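Take a look at the letters that make up each chain.
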Amino acid sequence: MTSVDLFVSPLGRVEGDLDVRVTITDGVVTSAWTEAAMFRGFEMILKGKDPQAGLIVTPRICGICGGSHLYKSCYALDTAWKTYVPPNATLVRNIAQACETLQSIPRYFYALFAVDLTNKNYAKSKLYDEAVRRFAPYVGTSYQSGVVLSNKPVEVYAIFGGQWPHSSFMVPGGVMSAPGLADVTRATAILNHWKDNWLEKQWLGCSIDRWMQIRTWDDMMAWVEENEAQYNSDCGFFIRYALDVGLHKYGAGVGNYLATGTYFEPSLYENPTVEGRNAALINRSGVYANGQFSEFDQARVSEDVTHSFYEGNRPLHPWEGETRPIDPEVGRKQGKYSWAKSPRYEVPDMGRVPLEVGPLARRVAAAAPGAAAHQDDDPLFLDMIQKLGPSVFVRQMARMHEGPKYFTWVMDWLARLELKESFYAKPVEPLSGKGFGSTEAARGALSDWIVLEDGKIENYQVVTPTAWNIGPRDSLEVRGPIEEALVGSPIVDQEDPVELGHVARSFDSCLVCTVHAYDGKTGRELSKFVVNGMV
Amino acid sequence: MTSVLWFQGGACSGNTMSFLNAEEPNVVDLIVDFGLEVLWHPSLGLELGNNAQKLFWDCARGERPLDVFVFEGTVMNGPNGTGRYDMFADRPMKDWVTDLANAASIVVAIGDCACWGGIPAADPNPTDSTGLQFHKRAKGGFLGADWRSKSGLPIINIPGCPAHPDWITQIIVALATGRAGDIALDDLHRPQTFFKTFTQTGCTRVQFFEYKQATMNFGEGTRTGCLFYEFGCRGPMTHSPCNRILWNRQSSKTRAGMPCLGCTEPEFPFFDLRKGTVFKTQKVSGVIPKEIPEGSDHLTYMAHASAARIAAPQWSKEDMFVV
Ligand code: SF4
Ligand code: SF4
């Protein structure tokens, strides 16, 4: 038995820098530690500020899902202020939020994930040359159009919100803009252009309608073989290649999922409340753990800082949450190793457990029985995890599957805007209150808990998808989802452990990256690794 | 070939995301057509890993020529001057910044954080963050007021939260095509070609501004009027080309009915987001805006305002951006 410790720094750089430590025994990862390497203190900045400060500050937590930050921080205030939100405003918020995700899907896939498919590790695959032709950075035929066209959906965001990233146009009581006819027609035309040129032509090789007929894993495999256009589309090719190189064989993770849901049916959420939220959602919330579905309840969320660089020693619900940083050097001596907190969820009969969030979690939640007429009802990914098990591949397909789905929804919401009706209702501003707002950013559940007192922010806690997924161990020494997903990954070539990058990136929590390996015991540098085929 | 190294400190990646929206030229054109050699970038790296680490050190030690060092995000000094709030490749990011800035011919700060400290430096500045050569409006910042790069230029500041992709790409193209000498900087080191005009320049509401007609409500209320009088629009006091060079080729905040937050100025977020300052005009004795357009004084402003109100034609009180 040979065992080696690798320290990987940095592994990726989306929300701060991510370092990973792994132990590899006989070529398989047997333990892992994820370390978020940056702290900015936004929650501390918000304390004592104007109640609406979150609308300006929280989008700047992450420029990649800034629109999602705005969306949930707005609903946190809507629930705290008990505002009325006109149906038009709900539709505009839905449209904008979904366009951010539509942008992210190809941008993430080509610029961040698919680049690794050209890694020389896969040179023995007979599909390798084709993968390089399509996915090589800058020069790949699919890379170019995929990355360049990814800016189209956020042009629609700009029509409603003025700009993307970093608008603050959603406010309690509605939105600041009021689109006219030309705005709606323009938005429709831009999205159609994007659908024609990327989504259908390049990615699917078929119509959206044809793709949406897929309800099971068998359907998906039959779809690949159905005709040449589908077989050779980027999607068809990705499915074949992923199965050929084994991306469906590792990266399972905790196998338990949380979606807090997003997008509201306007008539059901004119008076946003924390209690009324689940029933009004279109993209459903829900927890799937130990093979059982249960309803999402924000009261069951807590954050643990046992292994995070913060003071405190007991899990706290975010309304009571604290953010008191300590010097990492001091923290390390107490066994702390990350800036991420460890969000946990109290599952009935299971206790406080880590849950995976993200597209796969959303797709599993969409398979729960009992969907209302306005809700997403989609059995495909529950079927896939039952037949194939979760993996890097399944997680990736879940993300891509949302492209056609959200596109259809956005077109529907655009069609339902009543241009002569209201987009905003001025709220009264109570001096105190508590609010909860949440959404699904491209990469998973994103929530704010706000406490207002004396017309100011008394407490503000943000729980990001990255924290859910990359959070470290908790007080029970239970690993976080990515830590768990890394365990079991086969490392074919220790000089180039591309598999670590695949697993971490399948959660969309890091970018193209460099990997360094150190001998964990002596601190001596063994060798430096590259997780990218271009080098 | 112009070699570019792009790092992120205390950043949200918003400037990178904005940069990826560029279209003339787009990111691929920049690299393929303009011969930009991106040595490393957190999301677009060509040379990575082994080569990248070596490359950081080669650049830092001057063994490999570095034309442009681009920095996005704040420089974090905390806790207690150690820089350990932002570790990168096992080293405080601030140490990389010192080495690489001194090694590069030209250093460009992209976005408010890198220019002035931005939101992370907002009160109480928990991470002791600062900009490369300014802290808010005060010259100094991380590198010091007198710092010059090898080419003799100070930090070129491209502010904005985020910076617009064209402001970034056009400056990089100018540098790559040997036009560094044409870049005239203002006293905050911003390229004048972009930052001499105001957000208000080109705003579709400017006639309402002239006639002192206010937008009274968000939503359909923003189909007429100007956002200055009630909602704290900073358009008249903010240097930016947001209404000349539109965002995402489509619009701008003020066109979409959102007040300008003044994000290209060092004071952003204004008033430190104190109670009562967000999306609300600060007024003297309840009526007169506390801050008035640059170069004007309150008396002249008041006289002009009452005359303008009398002169206001009927259409300026009606819905203009109709369905
Ligand atoms: S909305 Fe703002 S930028 Fe436009 S005219 Fe009024 S003050 Fe100027
Ligand atoms: S309009 Fe104002 S706040 Fe918006 S990007 Fe331009 S300068 Fe910044």
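Up top is the structure.
Quantities reported herein were computed from a predicted structural model and do not represent experimental measurements. Counting starts from 1 at the beginning of each chain's written sequence and moves along it residue by residue. As they are written, the chains are lettered A onward and the ligands numbered 1 onward, keeping that order. Given that the model is predicted, a residue must reach a pLDDT of at least 70 before its local features are reported, and side-chain atom pairs must reach 80 or more before they are shown or counted; all residues, however, enter totals for whole chains, interfaces and linings. Processing note: side-chain calculations cover all non-hydrogen atoms of the structure and skip hydrogens and water entirely.

1. Looking at the pattern of salt bridges
Residue and element names in this part refer to chain A. Heads up, the rule is: By salt bridge we mean one thing: a side-chain nitrogen of Lys or Arg within 4 Å of a carboxyl oxygen of Asp or Glu. Runs of H or I in DSSP of at least four residues are treated as helices and runs of E of at least two as strands, each being numbered from the N terminus. Accessibility here uses a 1.4 Å probe with only protein chains present; expressed as a share of the type maximum, an area under 20% marks a residue as buried, one over 50% as exposed, and anything in between as partly exposed.
For the structure on display, the rule yields 50 salt bridges over all chains. Glu483 serves as the salt-bridge partner of Arg473, at 3.3 Å between the closest nitrogen and oxygen. Note that Arg473 is positioned in the loop between helix H18 (465–470) and helix H19 (481–486) and Glu483 in helix H19, a separation of 10 residues in sequence. Here the two residues Arg473 and Glu483 agree in accessibility, since each one is buried. Notably, a salt bridge pairs Glu484 with Arg479, separated by 3.1 Å at the nearest N-O pair. You can call Arg479 partly exposed: its relative accessible area is 22%.

2. Some thoughts on the interface of chain A and chain B
Under the convention used in this document: Throughout, a contact is declared for two residues whenever any of their heavy atoms are within 4.5 Å. Buried area is a sum: the accessible area each of two parts loses on coming together, probed at 1.4 Å, counted once for each and added. Counting of polar contacts relies on pairs of N or O atoms within 3.5 Å, with two restrictions inside protein: one atom must be capable of donating a hydrogen and the other of accepting it, and residues adjacent in sequence are counted only when both atoms are side-chain atoms. Side-chain classes follow a simple rule in which Ala, Val, Leu, Ile, Met, Phe, Trp, Tyr, Cys and Pro form the nonpolar group, Asp, Glu, Lys and Arg form the charged group, and the remainder, Gly included, forms the polar group.
The interface of chain A with chain B comprises 89 residues on the first partner and 77 residues on the second. Between chain A and chain B, a total of about 7,000 Å² is buried, with carbon and sulfur atoms accounting for 61% of that surface. Where chain A packs against chain B, one counts 6 salt bridges. Two residues, Lys152 of chain A and Glu23 of chain B, come together in a salt bridge whose shortest N-O distance is 3.5 Å. Where chain A touches chain B, the interface holds 30 residue pairs in polar contact (both at pLDDT 80 or more). Of the residues contributing to the side of chain A that touches chain B, the split by class is 50 nonpolar, 20 polar and 19 charged.

3. Let's talk about the site of ligand 1
Which entries qualify depends on this criterion: Nearness is defined per residue: one heavy atom within 4 Å of the molecule or strand is enough.
Lining the immediate surroundings of ligand 1 are Gln200, Cys203, Arg205, Val206, Phe209, Cys226, Leu227, Phe228, Cys233, Gly235, Pro236 and Thr254 of chain B. Among the residues making up the shell around ligand 1, the classes are represented as 8 nonpolar, 3 polar and 1 charged.

4. Some remarks on unusual backbone geometry
Each neighbour pair has its own omega, and for Gly78 of chain B with Pro79 of chain B the value is -10°, a cis peptide bond. Tracing the sequence through the fold places Pro79 of chain B in the loop between strand S4 (75–76) and strand S5 (87–88). Geometrically, the link from Cys161 of chain B to Pro162 of chain B is a cis peptide bond, its omega value of 0° lying close to zero. Mapped onto the elements of the fold, Pro162 of chain B is located in the loop between strand S11 (156–158) and helix H6 (165–176). Backbone geometry at Glu477 of chain A places phi at a positive 65°, although glycine is not the residue there. Among the secondary structure elements, Glu477 of chain A is positioned in the loop between H18 and H19. Note on Glu477 of chain A: relative accessible area 45%, which makes it partly exposed.

These figures come from the coordinates and say nothing about function on their own.
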